[in-house]
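# Architecture at a glance
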Amino acid sequence: MPHPRTLFEKLWDDHVVCEPAGTPALLYIDLHLVHEVTSPQAFDGLRAAGRGVRRPDLTVATADHNVPTTDRSLPISDAIAAKQIEALRRNCREFGIKFYDIHSAEQGIVHVIGPELGLTQPGMTIVCGDSHTSTHGAFGALAFGIGTSEVEHVLATQCLQQMRPRTMQIRARGSLPAGVGAKDLALGIIGQIGTDGATGHVIEYAGEAVQTLSMEGRMTLCNMSIEAGARAGMIAPDDVTFAYLKGRRFAPHNTDDHAAWDEAVAYWRTLAGDREAKFDQVVEIDAGALAPSVTWGTSPGQVVPVTGHVPDPAKAATEADRRAAEQALKYMNLAPGTRVEDISISRVFIGSCTNARIEDLQAAARIVKGYKINQTVHAMVVPGSQAVKRQAEAEGLDRIFRDAGFEWREAGCSMCLGMNPDILQPGERCASTSNRNFEGRQGRGGRTHLVSPMMAAAAAIAGHFIDIRDWDYR
Amino acid sequence: MKAFRTHTGLVAPLDQSNIDTDQIIPKQFLKRIERTGFGEFLFYDWRRGADDKPDRDFVLNQPRYKRASVLVTGRNFGCGSSREHAPWALADYGFCAIIAASFADIFANNCIKNGIVPVVLPEAEVQELIKRAKELPGYSVTVDLESRTVKDDGGFSASFPFDDFHRYCLLEGLDDIALSLQQEAAITAYESRRPQWRMTHQASFQK
Ligand code: SF4
């Protein structure tokens with residue numbers, strides 16, 4: 001009998017092209033996603049070496065990181081951003097790669113459009129020059145971020161030299177309480193294991209709290225794997241996965257002469273890890289004990305429940321943690337012991353590849369409905385893709401947000417990293433649904449608190465953090 | 001990739017853990033489409049105070065560390081974004097090796113691709129190096145990839161792990177794409193084994 005294997009091990013074994021003695025495995029890549037910021041130097045490298053793109057048909061590009069989220073019929077005011085997008089346009093044309101340009105109906109954040117178009121499928125290897133590629137692992141794909149040199153490598157060879165990572169299982173026991181979602185689960189895990197807790201590992205998420213998540217919730221969870229240092233995060237594909245994929249544009253379809261969908265599903269069902277499979281490390285988390293989370297510092301692991309207080313650095317476990325906490329509090333301008341619900345915010349950002357899918361906007365809109373945002377707050381909603389935007393508009397969510405005083409924008413990364421004009425001013429404090437609260441991430445001197453979409457929406461209305469479990473829905 | 005055998009250079013101590021790539025090179029410099037010229041933007045926000053003037057306390061602004069080429073720093077260095085602009089900026093500034101108790105995966109990989117050696121040493125030894133770099137003017141170390149050791153003139157000596165393959169690539173300055181292309185036959189054979197229903201974007205797109 002073959003030895004029992006984890007989901008990761010099955011995918012790994014399936015994609016090893018060869019393993020010449022003394023070198024790492026050469027891993028085949030099924031889908032390569034490309035965006036404007038990490039690719040120009042890779043295409044230049046190809047040209048300099050006189051190399052081509054081996055599989056343009058397995059490569060898909062879009063512009064998301066620095067695109068404006070305001071009226072797209074106007075020229076891009078940032079000349080350098082415009083130049084970078086133009087470079088991608090030219091590179092895609094020259095090498096025959098499909099490019100979802102900024103005016104296309106499919107444009108959006110690369111990790112939102114991949115799943116939405118059905119490009120992301122179970123059992124695949126997926127890479128992109130972006131660390132949040134881990135998002136696609138929600139489908140039972142092995143998906144990870146790479147640097148620009150590796151982007152060039154994949155363009156030229158459709159392969160990557162890879163050292164085999166270690167495996168980690170994270171078992172979420174119990175079920176998530178009402179008002180506590182995938183984002184809180186992700187932050188809870190990072191709070192528990194630390195921002196380097198999974199370094200060198202591929203995480204497989206399991207347990208009831210994970211299995212009962214929707215596909216979009218699973219994407220949020222896998223998205224944040226990188227914030228725990230993981231190479232990738234993944235979840236075994238099941239009926240939820242197949243139901244999400246069925247009928248999507250690039251998913252397999254049954255035809256008269258080939259039952260491609262049936263064949264694919266039959267294969268996908270074999271991917272779940274074997275029961276006896278062993279992991280290098282197993283972590284348990286009590287999902288039932290989680291609460292809506294708010295980060296207080298400048299690292300996603302610096303997180304407490306909304307009912308909690310800003311911790312006292314003096315009580316940190318190690319000297320390094322104490323210094324990190326002190327520096328974070330100085331940057332965040334917060335005093336130890338402050339009640340989280342007493343922290344006022346002036347900006348709200350609902351967006352990013354973590355939390356800008358339709359369910360995120362639906363959840364936020366349920367909170368917002370019938371309310372106006374606090375006068376002191378400037379809030380915006382940036383849908384993850386044009387498709388999300390269209391669906392939200394068809395459901396009337398844009399009206400709910402606009403009536404409350406939110407700005408309703410075009411799709412892109414926007415204030416998740418502030419490469420376009422959407423940034424925080426120095427000293428501004430923001431409730432953000434994105435994934436990184438690093439110093440200056442959303443703008444120099446800006447202070448970011450990571451929260452779920454519902455928590456961000458409620459903060460916009462209250463003007464400070466508030467426990468959505470007590471929310472008075474209208 | 002750029003070759004690396006051994007390097008002796010001035011050590012700059014940056015005693016902080018979890019330094020992310022957003023700090024190493026802030027996003028406003030990611031719009032450049034070249035690989036070069038990022039050095040002047042290294043740790044841009046930290047090098048300037050709130051008033052936009054150079055912050056004289058920041059380690060790289062101190063005259064004594066001006067020509068540093070070895071960085072010693074806290075654990076989980078390079079976490080966050082996969083931007084290769086971070087090692088480009090470090091290399092362009094003049095850093096050849098970085099010593100820390102641990103590195104984020106993608107960052108360490110990106111360093112190797114750019115001829116920077118990420119040296120992992122136990123926390124206590126990292127702290128010892130930081131101490132010496134702070135106390136001894138002109139303190140420098142030798143990072144020797146061939147013997148996988150870090151040494152100074154004052155008796156410090158430590159060996160570090162480095163996998164054979166990447167060590168070989170760095171020592172020889174190998175082009176890893178060329179190396180993979182030597183497996184052309186195996187890649188083609190693999191492609192012929194892939195199931196038909198596997199997505200090919202363009203074929204479906206043109207339908
Ligand atoms: S939304 Fe943020 S995290 Fe996601 S791809 Fe864009 S910049 Fe990266």
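Now for a quick tour of the structure. Along each chain, the written sequence defines residue order, and numbers are assigned to residues from 1. Chain letters and ligand numbers both follow the written order, the letters beginning at A and the numbers at 1. Given that this is a predicted model, residues contribute local features only at a pLDDT of at least 70 and side-chain atom pairs are listed and counted only at 80 or more, while totals for whole chains, interfaces and linings are drawn from all residues. Heavy atoms throughout the structure, all of them, feed into the side-chain values; hydrogens and water do not.

## Digging into the site of the ligand
Residue and element names in this part refer to chain A. By convention in this text, a residue qualifies as near a molecule or strand provided that one of its non-hydrogen atoms is within 4 Å of it. As a structural note, the neighbourhood of the ligand is formed by His65, Ile109, His111, Asp130, His132, Ser352, Cys353, Cys413, Cys416, Leu417, Asn435 and Arg441. Cavities and pockets were defined on a 1 Å grid built from protein atoms only: a cavity is a group of points that admits a 1.4 Å probe but offers it no way out, a pocket is an open group of points flanked by protein on both sides within 12 Å along at least five of seven lines, and a lining residue is one with an atom within 4 Å of any such point. More than half of a molecule's atoms lying within 2 Å of a cavity's or pocket's grid points is what places that molecule inside it. When each cavity is represented as a set of grid points, the ligand is found to reside in the largest cavity. For the shell around the ligand, a count of residues per class yields five nonpolar, five polar and two charged. Residues are sorted three ways: Asp, Glu, Lys and Arg are charged, Ala, Val, Leu, Ile, Met, Phe, Trp, Tyr, Cys and Pro are nonpolar, and all the rest, Gly among them, are polar.

## Focus on the sheet that holds strand β6 (residues 125-128) of chain A
All names here are of chain A. Whether two strands pair comes down to DSSP finding at least two bridges between them. In this description a helix means any DSSP run of H or I spanning at least four residues, a strand means any run of E spanning at least two, and both kinds are numbered starting from the N terminus. The sheet built from five strands is open, its strands ordered β5-β4-β3-β6-β7 with parallel pairing. Looking at strand neighbours, the two that pair on one side only are β5 (98-100) and β7 (142-145), the edges of this open sheet. Direction aside, the axes of adjacent strands within the sheet are offset by 20° on average. In this structure, strand β3 (residues 31-34) lies alongside β6, joined through three bridges in parallel fashion. Axis lines are fitted through C-alpha atoms, for helices just across the contact stretch, and the angle between N-to-C directions can take any value from 0 to 180 degrees.

## Side note on the sheet that holds strand β7 (residues 157-159) of chain B
All names here are of chain B. The sheet built from seven strands is open, its strands ordered β4-β3-β2-β1-β5-β6-β7 with mixed pairing. Looking at the sheet topology across the chains shown, the edges are occupied by β4 (117-120) and β7. Across the sheet, the mean angle separating the axes of adjacent strands is 25° when strand polarity is ignored. In the sheet, strand β1 (residues 6-14) pairs with strand β5 (residues 140-144) via five bridges, with the strands oriented antiparallel. Directly across from Leu10, in β5, lies its bridge partner Ser140.

## A few points about the pairing of strand β10 (residues 201-206) of chain A
Residue and element names in this part refer to chain A. Summarising burial for β10: six of the six residues are buried, a large majority. Think of it in three bands: residues with accessible area under 20% of the maximum for their type are buried, residues over 50% are exposed, and the middle band is partly exposed, with areas taken using a 1.4 Å probe on protein chains only. The side-chain alternation of β10 yields two buried faces, one formed by His201, Ile203 and Tyr205 and the other by Val202, Glu204 and Ala206. Pairing of strand β9 (residues 166-173) with β10 involves six bridges; the strand directions are parallel. Residue Ile170 lies in a different strand from β10, and its bridge partner there is Tyr205. Note on the crossover from β9 through helix α6 (residues 182-193) to β10: the handedness is right-handed. In terms of strand pairing, β10 meets strand β11 (residues 232-234) through three bridges, oriented parallel. Across the sheet, Glu204 pairs through a bridge with Met234, a residue of β11. Note on handedness: a clockwise path from strand one over the helix to strand two, with the strands aimed away from the viewer, defines a right-handed crossover.

## Focus: the interface of chain B and chain A
Residue contacts are counted whenever heavy atoms from the two residues lie within 4.5 Å of one another. At the junction of the two partners, chain B supplies 65 residues and chain A supplies 89 residues. When two components associate, each loses some accessible surface as probed by a 1.4 Å sphere; the sum of these losses over both components is called the buried area. For the pairing of chain B and chain A, the buried interface totals around 6,200 Å² over both sides, and the portion due to carbon and sulfur atoms is 52%. In what follows, salt bridge is the name for a side-chain nitrogen of Lys or Arg lying within 4 Å of a carboxyl oxygen of Asp or Glu. Where chain B packs against chain A, one counts 14 salt bridges. The salt bridge involving B:Arg35 is made with A:Glu152; its shortest N-O contact spans 3.3 Å.

## Observations regarding empty space enclosed by the protein
Grid points are joined across faces, edges and corners, and a volume is the space filled by probe spheres set on the points. Following the criterion strictly, the structure yields six cavities of 30 Å³ or more and no others. In this structure, the largest cavity spans a volume of roughly 210 Å³. Lining the largest cavity are 21 residues, with A:His65, A:Asp130, A:His132, A:Leu417 and A:Arg441 sitting closest to its centre. Class assignment for the residues of the lining of the largest cavity results in seven nonpolar, nine polar and five charged. Estimated volume of the second largest cavity: approximately 100 Å³. If you trace the second largest cavity, you find 15 residues lining it, with A:Ile226, B:Cys79, B:Gly80, B:Ala104 and B:Asp105 closest to the centre. Residue composition of the lining of the second largest cavity, by class: six nonpolar, eight polar and one charged.

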